[in-house]
Amino acid sequence: MSQHISDERPRVSPLNNPRVRSYAFQAAVILALGFVGYEIVENTRQHMAEHNMVGGFDFLSRRAGFKISQALIAYSEDSSYGRAYVTGLLNTLLVAGLGIPLATMLGFMVGIARLSKNYVVSQLATIYVEAIRNTPLLLQLFFWYFAIINFLPNPRQSHAILGAFFTQRGLFLPAPVYGDGANFVGAALLIAIGATVAFRLWAGKRQRETGAQYPKNVVTLALLVVLPGLAYFAAGQPISLDYPQLKGFNLAGGMTILPELLALLAGLVIYTGSYIAEIVRAGILAIPKGQTEASFALGLRPQTAMKLVIIPQALRVIIPPLISQFLNLTKNSTLAVAIGYPDLTSVWAGTALNQTGQALETILMTMLTYLAVSLLTSMVMNWYNSRKRLVER
Amino acid sequence: MKRILTTLAVVAAALGGLAASAHADTLDTVKQRGQLICGSNTGLPGFGIPDDKGNWTGLDVDFCRAVAVAIFNDPTKVKFVPLNAKDRFTALQAGEVDVLARNGTWTLTRESTLALLFAGPNYYDGQGFLVRKKLNVSSALELNGASICVQQGTTTELNLADYFRAHNMKFEPVVFTEMTEVIKAYDSGRCDALTDDSSGLAAYRLKMTNPDEHVLLPEIISKEPLAPAVRQGDDKWFNIIRWVGYAMIQAEEFGITSQNVDDMMKSDNPDIKRFLGLDGDLGKSLGLNNDWAYQIVKKVGNYGEVFEKNLGDGTPLKLKRGLNQLWTKGGLQYAPPLR
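A quick note: this is a predicted structure, and the numbers were derived from the prediction, not measured.

How each quantity is defined
- Residues numbered from 1 in each chain as written.
- Chains lettered and ligands numbered in written order.
- Predicted model: local features only at pLDDT ≥ 70, side-chain atom pairs only at ≥ 80, totals over all residues.
- Heavy atoms only, no water.
- Salt bridge = Lys/Arg side-chain N within 4 Å of Asp/Glu carboxyl O.
- Helix = DSSP H or I, 4+ residues; strand = E, 2+ residues; numbered from the N terminus.
- Buried < 20%, exposed > 50% of the residue type's maximum accessible area, 1.4 Å probe, protein only.
- Phe/Tyr/Trp six-rings, centres within 6.5 Å; stacked < 30°, edge-to-face > 60°.
- Lys NZ or Arg CZ within 6 Å of the ring centre and 35° of its normal.
- Contact = heavy atoms within 4.5 Å.
- Buried area = accessible area lost by both parts, 1.4 Å probe.
- Polar contact = N/O pair within 3.5 Å; in protein donor to acceptor, adjacent residues only side chain to side chain.

Asks: I would appreciate a short explanation of the pattern of salt bridges in the present structure.
Replies: Two side chains that carry opposite charge are able to pair once their charged atoms sit near each other. Counted according to the given criterion, the structure contains 21 salt bridges over all chains. Across the salt bridge formed by A:Glu77 and B:Arg165, the nearest N and O atoms sit 3.8 Å from each other. Linking A:Glu77 in the loop between helix H2 (18-50) and helix H3 (81-114) with B:Arg165 in helix H7 (residues 155-166), this pair reaches from one chain into another. A:Glu77 gets classed as buried once you look at its relative accessible area, which sits at 6%. By relative accessible area, B:Arg165 is classed as partly exposed at 39%. A cluster of three or more residues bridged by salt bridges with shared partners is formed by A:Arg63, A:Glu77, A:Asp78, B:Asp162 and B:Arg165.

Take a look at the structure:
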């Protein structure tokens, strides 16, 4: 019977076969794109050859010859261009790594504050969000940068506050100096952290099973302070502080946080925080009011209800748009170039591009790097999102 | 953003072989377009800066006007494109400008790897330092540990690192793309010193809140021959750019000024007659009108006149001729024979 039907199927010309057609169109599109790509590469190569422009990535191992004001790895004028690239990249990652958690914390605080019943608190939060969200980030960066430089004292006139100096040249902090036996303290700290994690897991499990609560925070604090503290004194106080002191033009010693970094962080955190606040507010408002009422009916206090019932559910709405704010913060950090912070764009697509003249190579590397960083960030966040997703039953 | 645009422009120009035809004969392209496109500074008093009415003035600006006179007989047929230090060479490579007269330093690698050609320097300069008087510093060698503001992507940025390394001193560079940011950061106290070509520093000093509080240190730490640049691959165009500059120097050496050039037409001196186009065909051999040099001197002036007008005692900059004096008077400005 089935044999019979298949014999009866009308013969279709391949031209009208939807499958053949769709394959043909797709192949044509790929061919066309490939041709355009080939033309771009080939013409660029030809143009560069015609004009005696040097191409390639050989310059990566050449001596860079310029200095970078903030380097997280050993970098000097004698280092290679490759190392300058890594230095710039680490400076970008530093801003993103510090900025993302800070902006998230600020955003959550403000987002919850906007929903506060306290009129003053909610109005202040609204003013912050509206003022910051509606002005350009570049101008805010200029504001922070020149505000820091203009309103803080010159290093020569500055005074120490708890050993730290706030000056036009940045924030000078005492730096720890590790002596003999500092490893011992470090090990004690690691053990304390391990013990804390284990304790909290155990306490959580116990609470779920029996309902009995432990004073978790007190125990945590005790573990983290007492254990390394004991080790510190037992090892004979091996860690001392190196205080910054005025020497010549600047303060020397200690740690320096550049005003460029401070301004960039302030600008990015405050700007991105205002967007995150709106996302958090939207997420919380998306949870039906019944959930809050039900929590109250069960006897939960407002804070506990927020922490245990509302926020975990709101996170499912919050995380996806939050990811794009994280990506925005990283990408917006390229504005660093305007206020002299040596991020990847400034060091690589700025100084290195100009000193080598290899615009195509440096711009390509810079764009691919930002792409990789962004993809990595969203991969991690998507994994977190999939864990937090509502499990449908 | 501009950098990315110019990079895209390189790619775009490369597409469709547009570049090949546009660059093959720059003179024809300029003639067809009806105006010269000159890459200029974004605002350096004395060298290239637009006033509040949009009129450009400066030594580099007058150079471009002289090129426009040589081609069109009209000093107004120039469009000035302001470029910052970081974008200038990319813009030239991409064909956005026909010539770059923007206080750029002539170096080996800029010719060998950037594929540019520099004509004769129109200003011999050197890198210096500007500091506050109240720092009580009298020499650059006392700047150990200083924060120094510098513009990104310049020879200055590299010389600075070399100089401090050579003298075993430490410094903290504070780097900006735009010169205006560099100046603002120095003026507001972020840096102890500002470094750039010393002619530039003289100009920037005037932009400070209190110019009298700042002083130039005596050290000149580098050679900065500032010269107009063109792309490689068009020798005819390079010849025009190079000889327009020399013509202005030669005119000063002959004593021909915009005032007396008409009288000079009656001169019996065969060199001057050849120069002014009354004899031979110097101009034609360059692909220009034969009276090109006459028109340049008449409408723009000789090198000395242009220098005095833009940088000399009559201007706020009050720069001395120094190295930029004619070779006959102990300077470096020397034109090869125009014959």
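Asks: It is not clear to me how the packing of aromatic side chains should be interpreted in this structure. Could you clarify?
Replies: Where two aromatic rings form a pair, the distance of their centres and the angle of their planes describe that pair. With the rule as written, the count across this model stands at 25 aromatic pairs over all chains. Note on A:Tyr85 and A:Trp348: the rings are 5.3 Å apart at their centroids and 70 degrees apart in plane angle, and the pair reads as edge-to-face. On the criterion of sequence distance, the pair formed by A:Tyr85 in helix H3 and A:Trp348 in helix H11 (residues 344-356) is long-range, its members being 263 residues apart. Residue A:Tyr85 shares its accessibility class with A:Trp348, and that shared class is buried. Seen from their ring centres, A:Phe199 and A:Trp202 are 6.4 Å apart, and the 40 degrees between their planes marks the pair as tilted. Residue A:Phe199 and its partner A:Trp202 are both found in helix H6 (residues 182-210); the two are separated by three residues, about one turn of the helix. Through a chain of ring-to-ring contacts, three or more aromatic side chains come together here, namely A:Phe57, A:Phe59, A:Phe66, A:Tyr75, A:Tyr81, A:Tyr85 and A:Trp348. Across the ring face of B:Phe171, the terminal group of A:Lys67 is positioned such that the distance to the ring centre comes to 4.6 Å.

Asks: How do you make sense of the interface of chain B and chain A when you look at a structure like this?
Replies: On the side of chain A, 50 residues touch chain B, which itself brings 54 residues to the contact. For the pair chain B and chain A, the summed buried area comes to about 4200 Å², and 53% of that belongs to carbon and sulfur atoms. The interface formed by chain B and chain A contains five salt bridges. Inspection of the region where chain B meets chain A yields 12 residue pairs in polar contact (both at pLDDT 80 or more). For the side of chain B that touches chain A, the secondary structure elements donating two or more residues are helix H1 (2-14), helix H2 (18-24), helix H5 (88-93), strand S9 (146-151), H7, strand S10 (171-176) and helix H8 (179-187) of chain B. If one sorts the elements of the side of chain B that touches chain A by residue count, S10(B) sits on top with six residues.

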